[in-house]
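Close look at the chain arrangement
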Amino acid sequence: MLGKILPFEIKFLHKNFFTYLIYLAMMFQGIWYMKGFNDYYKSDDSLMNSAGTMYILLCTIGMILMIVFSIITGTTLYRDLKNKTDQYFYTLPVNEKKFFMSRFTASFVINIIFSLVYFAGCIISKYTGIAPPDRFGPTQWMQIIHGYLLFALPNVFILTTAAYSALVFFRKMAPSYLAIFFVSLLWIIMEGVSHTASDLFLIKIIDPFGYVYVKDLVDAMGAMQRNTAFLTIDYVYFINRFIWVGAGILLLVISRKKFTFKYFFGGESKKVKSVNNSDSASFSFLKQHIKIPEVSLTYSLKEYLKKAARLTVLEFKNVTRPVSFKIIIGIMAVMFILYNLLFNPTYYIGSALPVTTNMTLTRLQINFMLIIIIIIWANELFFKEKTVDVWQITDSVPLPSWVTLASKFIAMCGVVLIFGLTLIACGLFAQLVQGFTDFNCLLYINDALGYRWGWLTYVLFVMFTLFIGGLTGRRYATTILSVGYFIIMIISFDLGISEEIRFGFGLVPGIEGTYSELNGYGMFDAAAAKYFLMWAILSVALLIAGMGLWARGTGKSILKRTVSGIRSNPAALIIIAACIFGFFFMQGYIKKNVNENRNFISEKQTDEESALYEKKYGHLSELTQPKIRHVDLEVDLFPENRKYVYRAVLEVVNRSKEKIDTLYLNIDYRSKVEKISINNKALLKETDDDILGMESYKLTESINGFDKAVLYIEGSKQYTGFSQEDFQADLAFNGLFIERVIPVIGYNAGRELTENKKRKEHGLEKLKSRMSSVTDTNALRTSYAAGDALMVSGRTTVSTTLSQYAYAPGELVKIREEDNRNYFQYSVSKENPFYWHIGSGKFKQFEKVISGKKVKILYDPKHYFYIDKYITFVSSSLEYIERNLGPFPHKELRIIEIPHYQDEFYSFANTIAISEKEGWYANMKEKDVEAYVHFCLAREMIRQWLHSKAGTADVQGAEMILTAIPEALALNHIKNQYGKEQLDIILTKKRKDYIKGRGDEPNVQPPLLYADGVDYLEQNKGTLAVFHLMQQTGSKQFHKLLNTWISSSGDNYLVFKDFYSLLETENLLGTDEKELFETVQRDLKI
Amino acid sequence: MNLEIKNLSKTYPNGVQALKNVSLSIGKGMFGLLGENGAGKSTLMRIITTLQDADTGEVTFEGINAASNPMEIRKRLGYLPQEFGVYPSINAEEMLLHLADLKGIADKGERKEQVNALLSKVNLWNDRKKKLCGYSGGMKQRFGIAQALLGDPKLIIVDEPTAGLDPVERNRFYNLLSEIGENNVVILSTHIVEDVSTLCNNMAIMANGEVIQTGTPAELENSLADKLWVKEIQKEELEELLISHKVIANHFHLGKLSVTVMSDKEPGNGFNPKEASLEDVYFNFLGNIKESDLRN
Ligand SMILES: Nc1ncnc2c1ncn2[C@@H]1O[C@H](COP(=O)(O)OP(=O)(O)OP(=O)(O)O)[C@@H](O)[C@H]1O
Ligand SMILES: [Mg+2]
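Residues numbered from 1 in each chain as written. Chains lettered and ligands numbered in written order. Predicted model: local features only at pLDDT ≥ 70, side-chain atom pairs only at ≥ 80, totals over all residues. Heavy atoms only, no water.

Structural notes on the site of ligand 1
Residues and elements named next belong to chain B. Put simply, the test is: Proximity is defined per residue: if any heavy atom of the residue lies within 4 Å of a molecule or strand, that residue is considered near it. Here a polar contact means two N or O atoms within 3.5 Å. Within protein one must be a hydrogen donor candidate and the other an acceptor candidate, and residues neighboring in sequence count only if both atoms are side-chain atoms. Areas reported here follow the Shrake-Rupley algorithm with a probe of radius 1.4 Å; residue values treat only the protein chains shown as occluding. Elements are defined by DSSP. Helices are runs of H or I of four residues or more, strands are runs of E of two residues or more, and each kind is numbered from the N terminus.
Around ligand 1 lies a shell of 16 residues, among which Gly-38, Lys-41, Ser-42, Thr-43 and His-191 are the nearest. Contact distances for ligand 1 include 2.7 Å between an oxygen atom and a side-chain N or O atom of Lys-41. Relative to its unbound accessible surface of 620 Å², ligand 1 loses 68% to contact with the protein. Element by element, the count of residues in the shell around ligand 1 is highest for helix α1 (residues 41-48), at 4 residues.

Here is the structure:
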């Protein structure tokens, strides 16, 4: 039988024009995904078509293919039901089971064919010019086949069985789509969760495609290995496949059992409402000579509106009444709740409290699929009459199309509102279950019902769909076009192929990862409102146009419909024209604010500017410029205007024998220097590069070799307009944090591109190391904290609005209120590295004196949960420091919560700033979490100690000093406090992060001794190695040596290599340790 | 009250010319449209009911142009399509009430009353609460008839209304239609000649997209008066007869073949005169068409 059915099905498929379109789409998807992967691995050794990439792609199937599967899989069986050919099959002399299996196999084979076309697209992408030819290597055929058999083939099987069995169980097409959607959704969620989860095991198992598993393995490979390696699979693979393929087989067996012609095609009659006999009797007399009563017909606008209202209710009920709808809502709710309970609130190695921010995140994971479902659903509703074939009756009634369409549209708005409300309900439920009642109702409404991928976004897409429906007049074409557009749009943004949000229908800035507990959506609030307004205006036009163009009857061309639409309602045309004008006006307005104002700069342009900066100003790195030694700074913050002004008196020195007669200042696009003088003599501006942000000033009187001078700068910075991406964190409305107020003097090496792939692209020389070598005498004399400053002391007066509390480095000298503003004066009396960070926010304060130190915690009032723990952590860390390292350098310590926009931790004189995401609402009921937060705080306090002792030289190994050593000490402290078990959890996490991070090393991984400041290295392998050493040496000895080394450095900046040599001379380094620090090992042995 | 169809032509995108320059003038009463499968009847009807556009030509009803003012036509229209679906999950009464609402019967009471009357007229009163998906073919057809009559239409277009009806229901339908036909324009298409002869005061025969004959059934019958002859033969004789005579129709009757031929003079040879029926007229015209087709 298969022999008959399969060729027939394949022939049948290829009679359809759409099949060829799908082939094209598959090819396109292949090429397009490859392009998206271009930037995924940063190393310039990474080939685009590396075996690793292919393994990953072989797991994903791809979004377009998923949709194709869902549309096409069931059709081999459903077709007979739909076309009513079931009646003959019922009677055919064939074996039902064989018939079923053959049809299934046909679908499976067809799906395989489609998947092969997709992978063919991936393979041929290297000939399509999507990237320079040298980015591709030879096609790794064996690995591709390997991956296909391990992943793609089973995945196609799983999807096919899911769709098929749903079809058999429900005898409807919709469940079969949904089955594929839900399988894919599970994958999407697992993928999403995998980024933050601490333990991937469960996630790898639940992920139906094995994607997370493969990705984890491939990410951990080095670039070279990734290019050609065969994937080595382990037991996790088998568990995953056993469960999922097993589930597929099980479903298939059950469906096969359930499938009989009688069951599937014999739409057995449901119970019929019994008819009241007396009713019929009382009416039976009518049967004979009854006259049809006359009626009055009304066609007024008022009646139309009333009718629209009636129809809306009817349509809404029609959608929501069926059990299938309730099932879908039920499944959605269960997913939301599980998601909220299990996955959303993760923190490093444990969980976070279920704050509302975490609850509404769920929508971002699920919305991609949800919006596709909404589009399809809306489409089904709009074309309902066509689907059930009553259009000939309903299209010839004297009711304007807009009445029915408007009612369907409004009904659909109601339906999607249910989705939004479900999200809220599930969030509240998940919070309550966990005994958490600090609901943020406003945020719920804003997120779930607003236009940040909430209800209003859904509504926009319903409008969009209606328009496409009006345009094409066909259901299938509408589904394909609308869903296709949506998928391509989202994935283009996801892969970074598109960046301008204003080109993505329905998108607004600040949807993902922007919400701050302190600052809310901040500036993005204003931005999003404008984008939404733009889309809303366009959508109104789309809605009206869609209704006007809506095809009644059959075979009416779009041209005719347009003409007759315009003729019958010229007013609509005016509204549409006005809306389109409004839309383009808004486009222009947004472009002006976002792009022309340099509030948003595309990644490409950013890189280009960095490269240009290096090319144009690189030579200045050799030029002598004054160095800051003492600061007297006054800053006035105006958070509500996103503005600050400052006056700085800087004591500077010329540390070389050459004289300085030109001063270079980095002044970005939004900053201005109002007044500048040296030794009271005004400077003359020579050049002003607005785009690259460099200004040069001629000195009227040069600073001679080894001379001091006083530099006075008065300036300001203000943001105007709004951005689509940039947080503009230094001037947030609440919780602003300015890393540096004073302009950087001279060449700013921090702006250079460090990834060799990008450097090559922009014609820059490849870097051997991202930091200067320990033999570079100039670099040895440069502070890692700031190239243009020495160790610095000074004073800061910072003022802010009355409602906020401001801080700066140093001890608090005075607070005063003046002119409705708060003034805070801080002083750094002992020199510190130049981390001169300033911030302000609406904080709640907690103050306590711990062993003579004033400890103040400034935190977001919502995050009151574990303030007492912080105090405990401070006090125990303090004790550790004072016992092992020496007296804590400050009498006063501030711990401040800042938005998550910038670094997670900042440590500067008397101050530790911690991102809101790092512990404030972590779930410290879990020991692991508590230990980790404690660890972080201890590390920062050790940094306080370190900063007060000495500066660090701007050479390789700097982060070993500033990160690895404090972390190792902090780990030791955690070991003492919590025991080995908690310690091991952190160590394991660090090992994993290292393995994963090094796989994505863009350049070349250096040995620890030459570590050049990359995220994954010092704080993972570095910490592990130093901690290992410390254990070997014994902590007492280690602390002592550390102190010896630091105090022996005198006025020089610290260099990690010196510490290493010290250990060496003390004979503390065995061959293993040497290997650990001096080589890049393949296997991490600690 | 008059429906004017002028020079209507329609070619489908696949090249089939479904209507060729069709012109008809249809007044009050029942108008029958007779024609073989694919003659273009449904196409013509869909154009009248504003569901489709003609390539050229126009349709006006009471002076209203269907193409440029479809809404006004729809206000006067009742239409039973040849094939149609229903919302499967609701019952006949609900669906009719819904359609009555769409048709513009704003008053709830009036809606209810008319729906009830129509339900009993088409004998669906007892099944009115039954889900439409459980309806038999004939029941669905009767539902279709009921919906076409909602809202007192002046122009009623029914495409093969009797398809699937049993004799009793067909009869009931005839009565209903003639009652309505008295004051309205009713166009029905059918293959069943009897439908036309019992019901219609005017008719047209369509073939290959063309109207080949119009008139009253009687007129058409008269055109063949004294020209038809009938004879029973053995089936082997047919071959010969087809060559020598103009055979309009033949059918088996009790094992013998009964042949009708057309001839101005008596053909002799055992042929007896036959009174012309509409069916003969129909067959005659179709035969003519086929012949001319062959000759071309
Ligand atoms: N949608 C269509 N696309 C292409 N050709 C069509 C379409 N509908 C009808 N036709 C063709 O137009 C011609 C007339 O069709 P129509 O349905 O009007 O005939 P009819 O007289 O109603 O036939 P029947 O008695 O079988 O219902 C036929 O040849 C048919 O094949
Ligand atoms: Mg027809």
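Quick word on the domain arrangement of chain B
Residues and elements named next belong to chain B. Heads up, the condition is: Domain delimitation in this document rests on an assignment produced automatically or drawn from a domain database. Between two residues, a contact is recorded if the distance between any of their heavy atoms is within 4.5 Å. Salt bridges, as used here, are contacts in which a Lys or Arg side-chain nitrogen is within 4 Å of a carboxyl oxygen on Asp or Glu.
Domain annotation of chain B identifies domain 1 (3-217) and domain 2 (222-295). With centres defined by C-alpha atoms, the gap from domain 1 to domain 2 works out at 34 Å. Contact residues are listed per partner, giving 13 residues for domain 1 and 9 residues for domain 2. At the boundary of domain 1 and domain 2, one finds 0 salt bridges. At the boundary of domain 1 with domain 2, the tally comes to 0 residue pairs in polar contact (both at pLDDT 80 or more). Secondary structure elements with two or more residues in the side of domain 1 that touches domain 2: β3 (29-35), α7 (193-199), β9 (202-207) and β10 (210-215).

Digging into the pairing of strand β1 (residues 3-11) of chain B
All names here are of chain B. Stated precisely, the cut-off is as follows: Two strands are said to pair when DSSP picks up at least two bridges between them.
Summarising the sheet, β1 and strand β2 (residues 17-26) pair through 6 bridges and their orientation is antiparallel. By the bridge assignment, Lys-10 is partnered in β2 with Leu-19. Between β1 and β2, which pair antiparallel in sequence order, lie 5 residues; one of them, Gly-15, sits at a positive phi of approximately 100°. As paired elements, β1 and strand β4 (residues 56-61) share 5 bridges and run antiparallel to each other. In the sheet register, Glu-4 faces β4, and the bridge partner there is Thr-60.

A few points about the nonpolar core
Residues and elements named next belong to chain A. Keep this limit in mind: By nonpolar core we mean a set of buried residues, namely Ala, Val, Leu, Ile, Met, Phe, Trp, Tyr and Cys, connected to one another through side-chain atoms within 4.5 Å. Relative accessibility under 20% of the residue-type maximum defines a buried residue, over 50% an exposed one, and the middle range a partly exposed one, all with a 1.4 Å probe and only protein chains included.
Counting residues in hydrophobic clusters, the biggest one holds 188 residues, and the most contacted among them are Phe-114, Phe-368, Ile-372, Phe-419 and Phe-486. Among the elements that make up this core, the one with the highest residue count is helix α20 (residues 362-382) (15 residues). Mapped onto the domain boundaries, this core takes at least three residues apiece from domain 1 (2-269) and domain 2 (301-589). Leaving out residues up to four positions away in the same chain, Phe-486 has contacts with Phe-368, Ile-371, Ile-372, Ile-375, Trp-453 and Phe-461. Core analysis: the second largest hydrophobic core is formed by 147 residues, Phe-843, Ile-871, Met-1030 and Trp-1045 among them.

Considering the domain arrangement of chain A
Residues and elements named next belong to chain A. What counts here: The quantity reported as buried area is the accessible area (1.4 Å probe) lost by two parts once they are put together, taken as the sum for both. Lys, Arg, Asp and Glu make up the charged group, whereas Ala, Val, Leu, Ile, Met, Phe, Trp, Tyr, Cys and Pro make up the nonpolar group; the residues left over, Gly among them, are polar.
For chain A, the assigned domains are domain 1 (2-269) and domain 2 (301-589). The distance between the C-alpha centroids of domain 1 and domain 2 comes to 28 Å. When the area that domain 1 buries against domain 2 is broken down by residue, the three leading residues are Trp-32, Phe-181 and Phe-182, summing to 23%. For the pair domain 1 and domain 2, the number of links is 0 salt bridges. Joining domain 1 to domain 2, the criterion identifies 0 residue pairs in polar contact (both at pLDDT 80 or more). Mapped by element, the contributors of at least two residues to the side of domain 1 that touches domain 2 are α2 (17-37), α4 (63-72) and α9 (173-194). When its residues are assigned to classes, the side of domain 1 that touches domain 2 shows 17 nonpolar, 5 polar and 2 charged.

Concerning the interface of chain A and chain B
Taken together, the contact between chain A and chain B spans 46 residues of the former and 50 residues of the latter. A buried area of about 4400 Å², summed over both sides, lies between chain A and chain B, and 60% of it is on carbon and sulfur atoms. In this assembly, chain A and chain B are joined by 3 salt bridges. In this structure, the connection of chain A to chain B is made through 14 residue pairs in polar contact (both at pLDDT 80 or more). Secondary-structure elements contributing two or more residues to the side of chain A that touches chain B are α15 (277-284), α16 (286-289), α17 (301-320), α21 (384-388), α22 (391-394) and α28 (558-568) of chain A. Counting residues per element, the side of chain A that touches chain B draws most heavily on α17(A), which supplies 5 residues. Of the residues that constitute the side of chain A that touches chain B, the class distribution is 20 nonpolar, 10 polar and 16 charged.

A short note on a nonpolar patch on the surface
All names here are of chain A. Threshold: Only residues whose relative accessible area exceeds 30% and that take part in no salt bridge are eligible for patches, with like-charged residues grouped when within 9 Å of each other and nonpolar side chains (Val, Leu, Ile, Met, Phe, Trp, Tyr) grouped when within 5 Å.
A contiguous nonpolar patch, built from Phe-169, Phe-170, Leu-250, Ile-254, Val-323, Ile-327 and Ile-331 and spanning about 610 Å² of accessible area, is present on the exposed surface. Those elements giving two or more residues to the nonpolar patch turn out to be α8 (141-170), α13 (235-258) and α18 (323-343). With 3 residues, the top contributor of residues to the nonpolar patch is α18. On the secondary structure map, Phe-169 appears in helix α8. Given the relative accessible area of 31%, Phe-169 is considered partly exposed.

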